[in-house]
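What the coordinates show
As a plain string of letters, each chain reads:
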Amino acid sequence: MYTLYYSPGAASLAVHAALHDTGAPHRLVNVDLDVPRTEDYLRLNPQGTVPTLDIDGLAHRESAAILMLLTERHPEAGLAPAPGAPDRGAWLQWSVALATSLGGPFRLWFYPQDLGLDAHDEQSRAPIRRTLEAGFERIASHLAAHGPYLLGEHFSTADYQLCMYLRWSRAMPKPATEWPELERLARLVTARPAWRRAVGHEGLRGWLLDEAQ
Ligand SMILES: N[C@@H](CCC(=O)N[C@@H](CS)C(=O)NCC(=O)O)C(=O)O
């Protein structure tokens, strides 16, 4: 049995959507990130972050790793190229690259305390913004040549990761949807029934979903 510890719209969203794709029964626990985590939760996840996916009593952390684990446990869901398939390496590469090149900077964007700051100012925000926009640019160029998904014609969990990060940029000075290839991918991914179910359960509104209907 799966239990997903999540917070609406957080790094748990990609995992939540993938869980719906697997069709596996799962329980959801909403972790309030505005208050200190409980001792019980810190035992599951010492960093106090979401997501945590409990699988039969064993806690798993890190959204990219959990997504990879789900693809391994549910090969029939078709969420990743099978081991040995030609584009398996590209899928592994994107899964890790997105977590580091977008996930890392986004963490600094939303958590200035990670940089020892109480709050961001223009000066502290500028290099993070440049890094994220350079990442969007690189990914958009890739999609222009090889899209519409990261692996071409085939959707994979890496697209869930990317879509989640693109969503996080929606209040940035230059949202990711200003890159047409990124907007196209976001529309494709947010139209998936599993994504829609996840955002519905999390009570999220807007961001392409309403516009796309
Ligand atoms: N690299 C981690 C990042 C997890 C993360 O930072 N989650 C945020 C929400 S998006 C969180 O739990 N923040 C609460 C906190 O740091 O106290 C992952 O992808 O799972």
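These figures come from a predicted structure and were not determined experimentally.

So, about the packing of helix 3 (residues 63-73) against helix 4 (residues 88-110). At a minimum axis separation of 9 Å, helix 3 and helix 4 run at an interaxial angle of 155 degrees. One element, helix 3, and the other, helix 4, form an angle in the roughly antiparallel class. Touching A64, M68 and T71 of helix 3 are W91, L92, S95, V96 and A99, all from helix 4. Tallied by class, the residues present in the contact of helix 3 with helix 4 amount to 6 nonpolar, 2 polar and no charged.

Okay, the site of the ligand next. Taken together, the residues surrounding the ligand are A10, A11, L33, R37, T49, V50, P51, E62, S63, R107, Y111 and W168. Here V50 contributes a backbone N or O atom positioned 2.8 Å from an oxygen atom of the ligand. R107 has a polar side-chain atom sitting 2.7 Å from an oxygen atom of the ligand. Taking 510 Å² as the accessible area of the ligand by itself, protein coverage stands at 80%. The residue makeup of the shell around the ligand, split by class, is 7 nonpolar, 2 polar and 3 charged.

This part is about the sheet that holds strand 1 (residues 2-6). Sheet strands associate in pairs through backbone hydrogen bonding, adopting either a parallel or an antiparallel arrangement. Here we have 4 strands laid out as an open sheet, ordered 2-1-3-4, and mixed in their pairing. The sheet terminates laterally at strand 2 (26-30) and strand 4 (58-61), the two strands that pair on one side only. Mean inter-strand twist for the sheet, computed between neighbouring axes without regard to direction, equals 20 degrees. Of the strand pairs in this sheet, strand 1 and strand 2 are connected by 5 bridges, and their pairing is parallel. The residue of strand 2 that forms the bridge with Y6 is N30.

This part covers the side chain of T71. Following the sequence through the fold, T71 ends up in helix 3. Overall, T71 belongs to the buried group, its relative accessible area being 9%. From its side chain, T71 meets the backbone oxygen of M68 in a polar contact 2.7 Å long. Other than its neighbours up to four places away in sequence, T71 contacts L79, A80, W91 and T157.

Okay, the domain arrangement of the protein next. If you check the domain split of the protein, you get domain 1 (2-77) and domain 2 (88-191). A C-alpha centroid distance of 20 Å is found between domain 1 and domain 2. Across the boundary between the two partners, domain 1 contributes 15 residues, which contact 14 residues of domain 2. For the pair domain 1 and domain 2, the two sides together bury roughly 1,100 Å², of which 73% comes from carbon and sulfur. Interface area lost by domain 1 to domain 2 is led by A14, L67 and M68, which between them contribute 34%. Counting across the domain 1 and domain 2 interface gives 0 salt bridges. Our enumeration of links across domain 1 and domain 2 arrives at 2 residue pairs in polar contact (both at pLDDT 80 or more). Those elements giving two or more residues to the side of domain 1 that touches domain 2 turn out to be helix 1 (13-22) and helix 3. Grouping the constituent residues of the side of domain 1 that touches domain 2 by class yields 10 nonpolar, 4 polar and 1 charged.

Relative to each other, helix 1 and helix 8 (residues 193-202) sit at 125 degrees, their axes nearing to 8 Å. As judged from the angle between their axes, helix 1 and helix 8 are oblique. The crossing of helix 1 and helix 8 is right-handed. Contact residues: helix 1 offers L13, H16, A17, H20 and D21, while helix 8 offers A194, W195, R197, A198, V199, H201 and E202. Taken together, the residues of the contact of helix 1 with helix 8 break down into 6 nonpolar, 3 polar and 3 charged.

Reading guide: rules and limits
- Residues numbered from 1 in each chain as written.
- Predicted model: local features only at pLDDT ≥ 70, side-chain atom pairs only at ≥ 80, totals over all residues.
- Heavy atoms only, no water.
- Axes fitted to C-alpha atoms, helices over the stretch in contact; angles between N-to-C directions.
- Helix = DSSP H or I, 4+ residues; strand = E, 2+ residues; numbered from the N terminus.
- Parallel < 35°, antiparallel > 145°, perpendicular 65-115°, else oblique.
- Contact = heavy atoms within 4.5 Å.
- Nonpolar A, V, L, I, M, F, W, Y, C, P; charged D, E, K, R; others polar.
- Near = heavy atom within 4 Å.
- Polar contact = N/O pair within 3.5 Å; in protein donor to acceptor, adjacent residues only side chain to side chain.
- Areas by Shrake-Rupley, 256 points an atom, 1.4 Å probe, with all protein chains shown as cover.
- Pairing = 2+ DSSP bridges.
- Buried < 20%, exposed > 50% of the residue type's maximum accessible area, 1.4 Å probe, protein only.
- Domains from an automatic or database assignment.
- Buried area = accessible area lost by both parts, 1.4 Å probe.
- Salt bridge = Lys/Arg side-chain N within 4 Å of Asp/Glu carboxyl O.
- Left-handed = near helix turned anticlockwise from the far one by under 90°.

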